[in-house]
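Working through the structure, step by step
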Amino acid sequence: MIEIRALILGLVLALGAVAAQAEGTKVAFGAVKADPTLPVEVTADTLDVSQEDGSAEFQGNVMVSQGEMRLSAKRVLVIYNQQASGIERLEATGDVVLVSGPDAAQAQRADYTIGTGVIVMTGDVLLTQGKNALSSGKMTVNLISGTAQMVGRVKTILNSDGD
């Protein structure tokens, strides 16, 4: 009887994994919903400003913070809106780490559109939530709703509370 239950559970999990790969996996992200209207603070080893387009390129130990959200990378390009009255988006590359509350995600690249509060992470994405981990090719985080969607060969490792 125990073997049959284990077989059924394994089949349900396998079918669920196939469905998750096809449609993507939605998960909660961050303990607190973020406010994209808060100021963005950036620190880095160097800063280069382009007079042509007004963009700013931060390099070396870059740390971006906005409220409870923290993003670190080797390089972050800040792109201002047409009126240069505010930041439109950030492009982070190289060892990108995003932390919001107890959740952390790693990727090769992250594009953050400030107005919408959406961060798209690509390239070997790894999300850790406590003892659990999920990996995929792409993760879209909505900081306002506190949710994320993972697509592109989603894989998860779930640990029981008993461990």
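Scroll up for the structure.
These remarks concern the structure in this document. Model, not experiment: these values are computed from the prediction. (Residues numbered from 1 in each chain as written. Predicted model: local features only at pLDDT ≥ 70, side-chain atom pairs only at ≥ 80, totals over all residues. Heavy atoms only, no water.)

Structural notes on the nonpolar core
- In this structure, Leu71, Val76, Met121 and Met139 are the most contacted members of the largest nonpolar core, which totals 32 residues.
- Those elements giving two or more residues to this core turn out to be strand S4 (56-66), strand S5 (69-80), strand S6 (87-100), strand S7 (103-113), strand S8 (118-129), strand S9 (132-142) and strand S10 (147-151).
- Ranked by residues supplied to this core, first place goes to S5 with five residues.
- Setting aside residues up to four positions removed in sequence, methionine 139 forms contacts with Phe29, Ala105, Ile119, Val120, Met121, Val125, Leu127, Ala148, Gln149 and Met150. (Core = buried A, V, L, I, M, F, W, Y, C linked by side-chain atoms within 4.5 Å. Buried < 20%, exposed > 50% of the residue type's maximum accessible area, 1.4 Å probe, protein only. Helix = DSSP H or I, 4+ residues; strand = E, 2+ residues; numbered from the N terminus. Contact = heavy atoms within 4.5 Å.)

Side note on the pattern of salt bridges
- What the rule picks out here adds up to five salt bridges.
- Residue glutamate 57 pairs with arginine 75 through a salt bridge whose shortest N-O separation is 2.6 Å. Within this pair, whereas glutamate 57 is found in strand S4, its partner arginine 75 is found in strand S5, the two being separated by 18 residues in sequence.
- Beyond isolated ion pairs, a larger network of salt bridges with shared partners links Arg89, Glu91, Arg109 and Asp111. (Salt bridge = Lys/Arg side-chain N within 4 Å of Asp/Glu carboxyl O.)

Looking at the pairing of strand S1 (residues 25-28)
- Across the two faces of S1 the burial differs, with Thr25 and Val27 buried and Lys26 and Ala28 not buried at all.
- Bridge count between S1 and S10: four bridges; the pairing is antiparallel. In the strand pairing of S10, valine 27 is matched with alanine 148. (Pairing = 2+ DSSP bridges.)

A closer look at the side chain of glutamate 91
- Residue position: glutamate 91 is located in strand S6.
- For glutamate 91, the side chain forms a polar contact with the side chain of arginine 89, separated by 2.2 Å.
- Excluding its chain neighbours within four sequence positions, the residues that come into contact with glutamate 91 are Arg75, Val76, Leu77, Ile79, Arg109, Ala110 and Asp111. (Polar contact = N/O pair within 3.5 Å; in protein donor to acceptor, adjacent residues only side chain to side chain.)

Observations concerning unusual backbone geometry
- In the Ramachandran plot, asparagine 61 falls in the positive-phi region, its phi being about 50 degrees despite a non-glycine side chain.
- Its place among the elements puts asparagine 61 in strand S4.

Regarding the environment of serine 160
- By the element assignment, serine 160 lies in the segment after strand S11 (155-157).
- The class for serine 160 is partly exposed, based on a relative accessible area of 42%.
- Sequence-wise, serine 160 and asparagine 132 are 28 residues apart; in three dimensions their C-alpha atoms are separated by 9.0 Å.

A short note on the environment of glutamine 108
- Relative to the assigned elements, glutamine 108 resides in strand S7.
- Put simply, glutamine 108 and aspartate 124 are 16 residues apart on the chain and 6.6 Å apart in space, counted from C-alpha to C-alpha.

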